Each structure stands twice: as structure tokens, then as C-alpha cells.
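Okay, here's what each chain looks like letter by letter:
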Amino acid sequence: MLRWTVTFLIVAIIAAVFGFTGIAAGAASIAKILFFIFLVLFLLSLIGGRRSV
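What you see is a predicted model; the values in this text were computed from it and never measured. (Residues numbered from 1 in each chain as written. Predicted model: local features only at pLDDT ≥ 70, side-chain atom pairs only at ≥ 80, totals over all residues. Heavy atoms only, no water.)

(A) Seen up close, the side chain of Thr 5. As for its placement among the helices and strands, Thr 5 is situated in helix 1 (residues 2-18). If we ignore the near neighbours within four places in the chain, the residues touching Thr 5 are Ala 31, Leu 34 and Phe 35. (Helix = DSSP H or I, 4+ residues; strand = E, 2+ residues; numbered from the N terminus. Contact = heavy atoms within 4.5 Å.)

See below:
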């Protein structure tokens, strides 16, 4: 999931450089949402991860 976040972030940066502000804003918002989903899932896996006995 973090790979998709980086992909959308790169698309947003490239679109912003070329002046496609609508595409850049959309890609940046998708990257932000995916990053927060990744962060929540990562924290949940740290808290409730498998514990070896």
C-alpha cells in the first residue's frame, strides 16, 4: 500500500510540474488517503500483532 502512495505522489508532482492542477490535486488527495490508511493499518498491526510464546 505504501508503494501505491509513493506512485500517486510521484504522479501528483509530475502533473503539478506540467500544469495539470486538477490531476495533481486528485493524485495528491489519493496519496494522502492511502498514506493514512497505511499508517492506521501499520499501527494496528504493531498493537495487535501476533505474539510468539
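What follows continues from the structure just given.
(B) Quick look at the packing of helix 1 against helix 2 (residues 21-48). Close contact between helix 1 and helix 2 brings their axes to 8 Å; oriented N to C, the two are set at 160 degrees. One element, helix 1, and the other, helix 2, form an angle in the roughly antiparallel class. By crossing handedness, the relation of helix 1 to helix 2 is classed as left-handed. Seen from helix 1, the contacting residues are Leu 2, Trp 4, Thr 5, Phe 8, Leu 9, Val 11, Ala 12, Ala 15 and Ala 16; seen from helix 2, they are Ile 23, Ala 24, Ala 27, Ala 28, Ile 30, Ala 31, Leu 34, Phe 35 and Phe 38. Across the contact of helix 1 with helix 2, the residue classes tally to 17 nonpolar, 1 polar and no charged. (Axes fitted to C-alpha atoms, helices over the stretch in contact; angles between N-to-C directions. Parallel < 35°, antiparallel > 145°, perpendicular 65-115°, else oblique. Left-handed = near helix turned anticlockwise from the far one by under 90°. Nonpolar A, V, L, I, M, F, W, Y, C, P; charged D, E, K, R; others polar.)

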